[in-house]
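The chain contents come next:
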Amino acid sequence: MKDWLLYRIRKSGDADGIWKGGMSAMLILLLLFLAAAVRERDNIILWAVLYGAANLLVFTAVYLALTHHVRSALYALGDMMEELISGRGPGEGEEEAAFKMAFPIAQETILSKLQGQILKLYDILCANGEQEQKLRKQLDENIGNLVHQLGTPITNIRLYVGFLKRDDLTAQERKRFLQCMEEQADKIFWLGESFSRVSRLETGLIRLKPEQQAVEPVVLNALNQVVAKAENKKMEIVLSGETRASALIDKKWTAEALFNILDNAVKYGKPGTQIEIAAKELTSYVSIAVRNRSEKEISPDEYPLLFKRFYRGKHGDETEGVGLGLYIARTILEDERAYVQAGKAPDGRTEFLVRLYKGQV
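Positions within a chain are numbered from 1, following the residues in the order the chain's sequence is written. Reporting in this predicted model follows two pLDDT cut-offs: at least 70 for local features of residues, and 80 or more for side-chain atom pairs to be given and counted; totals over whole chains, interfaces and linings ignore these cut-offs and use all residues. Based on all heavy atoms of the structure, the side-chain values leave hydrogens and waters out of the count.

This part covers the sheet that holds strand S5 (residues 285-292). Two strands are said to pair when DSSP picks up at least two bridges between them. Strands here are runs of E lasting at least two residues and helices are runs of H or I lasting at least four, both read from the DSSP assignment and numbered beginning at the N terminus. The strand order across the open sheet formed by 5 strands is S2-S4-S5-S7-S6, and the pairing between neighbours is mixed. Bordering the open sheet on either side are strand S2 (236-241) and strand S6 (339-344), each of which pairs with just one other strand. In this sheet, adjacent strand axes meet at a mean angle of 15° when their direction is disregarded. Where S5 and strand S7 (residues 350-357) come together, 8 bridges link them in antiparallel fashion. Residue pairing for S7: Val290 is matched across the bridge by Phe352. Across the sheet, helix H8 (residues 251-268) is in contact with strand S4 (274-281), S5, S6 and S7; its angle to S5 comes to roughly 20°. Axes here refer to lines fitted to C-alpha atoms; in helices the fit is confined to the stretch in contact. Angles between the N-to-C directions go from 0 to 180 degrees. Contacts between residues were defined by any pair of non-hydrogen atoms, one from each residue, lying within 4.5 Å.

What sets the pattern is the α-helix's 3.6 residues per turn: residues three or four places apart point alike. Expected span, for any helix, means 1.5 Å times one less than how many residues it has. Between its first and last C-alpha, H8 extends 26 Å over 18 residues, near the 26 Å set by a 1.5 Å rise per residue. We call a residue buried when its accessible area falls under 20% of the maximum for its residue type, exposed when it is over 50%, and partly exposed in between, using a 1.4 Å probe and counting protein chains only. Counting buried positions over the 18 residues of H8 gives 15, a clear majority of the element. Pairs of N or O atoms are called polar contacts if they sit within 3.5 Å, as long as, within protein, a hydrogen donor faces a hydrogen acceptor (for residues adjacent in sequence, only side-chain-to-side-chain pairs). Where H8 begins, one side-chain oxygen reaches toward the backbone nitrogen of Lys252, 3.2 Å away; that side chain belongs to Asp250.

This paragraph deals with the nonpolar core. Ranked by size, the top nonpolar core spans 49 residues in total, and within it Ile261, Ile288, Val354 and Leu356 carry the most contacts. Elements that contribute at least two residues to this core include exactly helix H6 (171-202), helix H7 (216-232), strand S3 (246-249), H8, S4, S5, helix H9 (325-335) and S7. Considering every element that reaches this core, the biggest residue donor is H8, with 9 residues. Counting residues in hydrophobic clusters, the runner-up holds 7 residues, among them Ile157, Leu169, Cys180 and Met181. Residues grouped as a nonpolar core are buried Ala, Val, Leu, Ile, Met, Phe, Trp, Tyr and Cys residues, joined through side-chain atoms within 4.5 Å.

Helix packing geometry: the angle between the two helix axes and the distance between the axes. Running from amino to carboxyl end, H7 crosses H8 at an angle of 30°, the nearest separation of the two axes being 8 Å. As for the relative orientation of H7 and H8, their crossing is right-handed in sense. On the side of H7, the interface is formed by Val218, Val219, Asn221, Ala222, Leu223, Gln225, Val226, Lys229 and Ala230, while H8 contributes Lys251, Thr254, Ala255, Leu258, Phe259, Leu262, Asp263, Val266 and Lys267. Side-chain classes are defined by residue name, with Ala, Val, Leu, Ile, Met, Phe, Trp, Tyr, Cys and Pro counting as nonpolar, Asp, Glu, Lys and Arg as charged, and the others, Gly among them, as polar. By residue class, the composition of the contact of H7 with H8 is 11 nonpolar, 3 polar and 4 charged. Should the near helix be turned anticlockwise from the far one by less than a right angle, the crossing is left-handed, and should it be turned clockwise, the crossing is right-handed.

Following the sequence through the fold, Glu256 ends up in helix H8. The buried category is assigned to Glu256, whose relative accessible area is 14%. For the pair Glu256 and Asn221, spaced 35 residues apart in the sequence, the C-alpha separation amounts to 8.9 Å. Other than its neighbours up to four places away in sequence, Glu256 contacts Arg197 and Ile332.

What follows covers the pairing of S3. Residues Ala247 and Ile249 point to one face of S3 and are all buried, whereas Ser246 and Leu248, pointing to the other face, are not buried. Pairing analysis gives 4 bridges linking strand S1 (residues 211-214) to S3, with the strands arranged antiparallel. Each residue of the ladder has a partner; that of Glu211, found in S3, is Ile249.

Taking burial as the measure, the 8 residues of S7 include 8 buried ones, the bulk of the element. Of the two faces of S7, the one carrying Thr350, Phe352, Val354 and Leu356 and the one carrying Glu351, Leu353, Arg355 and Tyr357 are both buried. As defined by bridge partners, S6 adjoins S7 across 6 bridges and the pair is classed as antiparallel. Within the sheet, the bridge partner assigned to Tyr339 lies in S7 and is Arg355. Hairpin connection of S6 to S7: 5 residues between the antiparallel strands, including Gly348 at a positive phi of 95°.

It is worth spelling out the packing of aromatic side chains at this point. Within 6.5 Å between ring centres, the rings of Phe, Tyr and Trp (the latter by its six-membered ring) count as paired, and their orientation is classed by plane angle as stacked under 30 degrees, edge-to-face over 60, tilted in between. Inspection of every chain in the model, using the stated rule, returns 5 aromatic pairs. Through successive ring pairs, a cluster of aromatic residues spans Tyr160, Phe163 and Phe177.

In structure tokens, the structure reads:
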């Protein structure tokens, strides 16, 4: 019985309709009282008493109707919020049909607007929850990948420690094992540094702040970090083209992206050859091409895979690295509305083409 009564109350008119109806009834009573008072002036006191009693009845009816309306609206709003809290919010298909709005969306009332704001807040909280779950999943994947990648160097170090415990080792063998342990320790350090950058970039802990600035200092910063390694391989680095162009970039992280690309060109380049950095200003982008003569031939089907996490190429195991440099470079550039792609130049050299976004033109 109670549920039926609440249902009928919720289906009744809104507060404005109840109030207008009450005011209309009181106005009609006033007109009737004035008409009666004009016709029967001798009984004006009686008509005044009757008019007051009728007004009191109308006022009481309006008060009760408004009270029921407010209570029913609050009940409806409370039921809707309980459904939202329990996770049964508006969705698609059967979920959308099962969820009941407390007030009609089409009506431009205060309650329907309040309902709309509550639903917006619900959507925001759901979106934040999904984003948090996504970040947790990404973090779990990063931790799992890190543990997996650390397994090999740690196993190698334990193996070399076992060799070093032997008493029959020569000084040359001991030196070689110590050098191998140092290489594996360096690999662990590279893994830690690379994973730290990847995790902070993917989880949003690092936020790039692109600004309109010259490209040349950023390129030179990246170039200076690989000069020593290039000299060890007797490689020459040549910078040419429209280097004074400007783009919408984050100085620090764009230099990091370009360094990873140049470092890759040095590591996999043929000793004694030249690395070319050619800059060119386009309509919406500044193009930076890094070309080198690779020591091992790269097949065309490998080019899209070079930017995947941990991909080292068919001959990558012969060179130091963990397969995260180009992945980090692509992630940074995508956050700046830039992009990078790999391919083969017309003269047969390997080419990494970076396009830095110039901003509004």
